[in-house]
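Observations on the three-dimensional arrangement
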Amino acid sequence: MQKVVTIPKVNGYSLSKINNDLSGFFKDKGFYVSKHHPKGVALIQHYSKPLSKDYNFDKTYIIQPIDGTTINKNHIDYINSYDIIITPSEIGKNIMAENGVIKPIITIPNYYNQDVIPNSFYRKSNKFTFYSESTGIIRKNIANLLKHFLETFTINDDVKLVIKTSSDRVNELNSILSDYKHRPEVVIISKHLSDEDLESIMSNIDCYICLSYMEGFCIPIINALKWGKKVIALDTEISGYGDFLNSDNAYLVDCKRIPINKESESLLIWGEDSEWEEPDYEHYRLLLKQAITDNSKISVDISRYSKDNVMNEYSIVINGYYNFNFGDFYLPNDAGSNWLIDNKIFDWESYINEFISELSSEMNIIDVGSHVGFTTCKFSKHFKNGIIYSFEPSKISYSYLIKNIDLNMLDNVKYYNLAVGDKECNVGLTNNDNLFLNEIDIDGVDVKMITIDSLKLENIGMIKVDAEGFEIQVLRGLDDTIKINKPILFIEIHEHKYNEYENYLKSINYKITKRLGEYNYICKYVDLTDENK
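Residues numbered from 1 in each chain as written. Predicted model: local features only at pLDDT ≥ 70, side-chain atom pairs only at ≥ 80, totals over all residues. Heavy atoms only, no water.

Of the regular secondary structure elements, the protein holds 17 helices and 27 strands. Counting only C-alpha atoms, the protein reaches 95 × 55 × 45 Å along its principal axes. Sorting the 533 residues of the protein into buried and exposed places 55% on the buried side. Entry remark: accessible area of the protein is about 24,500 Å², with carbon and sulfur atoms responsible for 46%. Here the protein contributes 57 positively and 76 negatively charged side chains, and the mean placements of these two sets differ by 4 Å. (Helix = DSSP H or I, 4+ residues; strand = E, 2+ residues; numbered from the N terminus. Buried < 20%, exposed > 50% of the residue type's maximum accessible area, 1.4 Å probe, protein only. Areas by Shrake-Rupley, 256 points an atom, 1.4 Å probe, with all protein chains shown as cover. Lys, Arg positive; Asp, Glu negative; His and termini not counted. Charge placed at Lys NZ, Arg CZ, Asp CG, Glu CD.)

Let's shift gears to the packing of helix α4 (residues 142-152) against helix α8 (residues 281-293). Contact geometry of α4 with α8 gives a least axis separation of 10 Å together with a crossing angle of 60°. By the angle class used here, α4 and α8 are oblique. Two packed elements cross with a definite hand, and for α4 against α8 that hand is right-handed. Residues Asn-144, Leu-145, His-148, Phe-149, Glu-151 and Thr-152 of α4 pack against Tyr-281, Tyr-284, Arg-285, Leu-288 and Lys-289 of α8. (Axes fitted to C-alpha atoms, helices over the stretch in contact; angles between N-to-C directions. Parallel < 35°, antiparallel > 145°, perpendicular 65-115°, else oblique. Left-handed = near helix turned anticlockwise from the far one by under 90°. Contact = heavy atoms within 4.5 Å.)

The next subject is the packing of helix α1 (residues 13-28) against helix α9 (residues 307-319). Following both chains from N to C, one finds α1 and α9 inclined at 70°, their axes separated by 11 Å at the closest point. Relative to α9, α1 is oriented roughly perpendicular. By crossing handedness, the relation of α1 to α9 is classed as right-handed. Residues Asp-21, Leu-22, Phe-25 and Phe-26 of α1 form the contact with α9, whose participating residues are Lys-307, Met-311, Asn-312, Tyr-314, Ser-315 and Ile-318.

Along the chain, Ser-399 turns up in helix α13 (residues 395-407). Ser-399 sits 78 residues away from Tyr-321 along the chain, and the two C-alpha atoms are 14 Å apart.

Now for helix α2 (residues 73-80). Among all positions in α2, only His-75, Ile-76, Ile-79 and Asn-80 are buried. For α2, the arc enclosing every buried residue in end-on projection is 140°, short of the 170-degree limit, so these residues lie on one face. Taken together, the buried residues of α2 touch β4 (56-63), β5 (84-87) and α3 (90-98). N-cap assignment for α2: the residue whose side-chain oxygen lies 2.7 Å from the backbone N of Asn-74 is Asn-72. (Arc of directions from axis to C-beta. Polar contact = N/O pair within 3.5 Å; in protein donor to acceptor, adjacent residues only side chain to side chain.)

Once that is clear, we can look at the sheet that holds strand β17 (residues 364-368). Taking strand neighbours across the sheet as the criterion, the 7 strands line up as β19-β18-β17-β24-β25-β27-β26 in an open arrangement whose pairing is mixed. With partners counted over all chains shown, the strands left at the sheet margins are β19 (413-416) and β26 (510-516), one partner each. Geometrically, the sheet is characterised by an average inter-axis angle of 15° between neighbouring strands, direction not taken into account. One ladder, built from 4 bridges, connects β17 with strand β18 (residues 388-391); its direction is parallel. Directly across from Val-368, in β18, lies its bridge partner Phe-391. (Pairing = 2+ DSSP bridges.)

Given below as structure tokens:
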């Protein structure tokens, strides 16, 4: 019997496009996708609406972009009625948490479609071409974008501005144009364009502009970066593109917070005292000129924001949810996860309980080889007054780790996508495309390796190391940390390496005191000079 995913219809071009892409993705994965089926594996709803009493889903998800500063309390209540909230930016996630969202918030970004090929709709101009696309609603600030462009350039400047907007904004923009008799070239496009048409424009312009007062994400900016185009946008604290734009990859306009326009923006979403950001238009005009004269190339890794990668993130969240005694987790729906669940998880949870129950909740903990976050979650909940430093070198395991930290709402974890060893260099990782048996390859270069001593972490009460045979190198890079803190060591030791590890531990005044399960050992500091007296 097919699993059912319900994705209701939604208004708006970009939201409908995401829903269509999600529907296609889950159909390809073998799901039955419906717009209105009242029960199934998951309901994926864009924007919060009261949940029907007739619904019967394993999990309900709301995709909620958010910007601004304060959110209407009723809207927060609607959001909290869903099991899991998905938002496209860390900035939006923080805004929701600050405004009272208490359910798990998972960040899954919007995306660019790497498969769309530009057609010949728009030809590259000999003039330096600026471009902006939006619906033209007041929040998008397209009128001021145009007005100050016209204040900056004249017909004598070798520049051009292309604006893609909705048909109901054309008269307003033409009225602005009529005030500037010696204006530079401006092209306003209001008809419906295909994805290929839009790609044709973006691939042939020089600089993309976004002066929106606030944005949940701004997909065109990601498209511009994909094509290596320059970007002018606000130096924002409340718009989602602040996750990936910075002064190294964009021209950021100074801005200040002002009250939102209550006539144009729905107070069903934003609070009465919410603010948005107004650009410093003089600075904007300076950056328009700088973008033309600056010959530097924009280079930024935006691979996370490709459609394929983002759809896989949705698959993780929707298709791989598990509930255990010690937390909720996302895992891939494959044989490896089934083995992990059947053979390992519950074993180690019982024996971890044996020894951490006696330890102070104030301790800071180092978790090397965090995998998807099982031990990190367990430690975070027990050592709730300490900090958990979580290290995982595998990119795919790390992606699950982050989502599981979010899912369990852990606020005392600092996590690093790094290998850990006895020197700082780049190393490789075997099986880097799956979750299991990721061993360090010292001849590789894919992963950055550090020593934990270089971080100078303090008040460390316990160190867990599961590094697939690389444990001694990890400990050597912890030499100063261990000498200063004398923490408990919780280490994986395979039988064929037991003597080697035991001898090394003796050399740093540690003794194996207890075996837990098949391969895990508790080691404690022992003053061997006293012991030998």
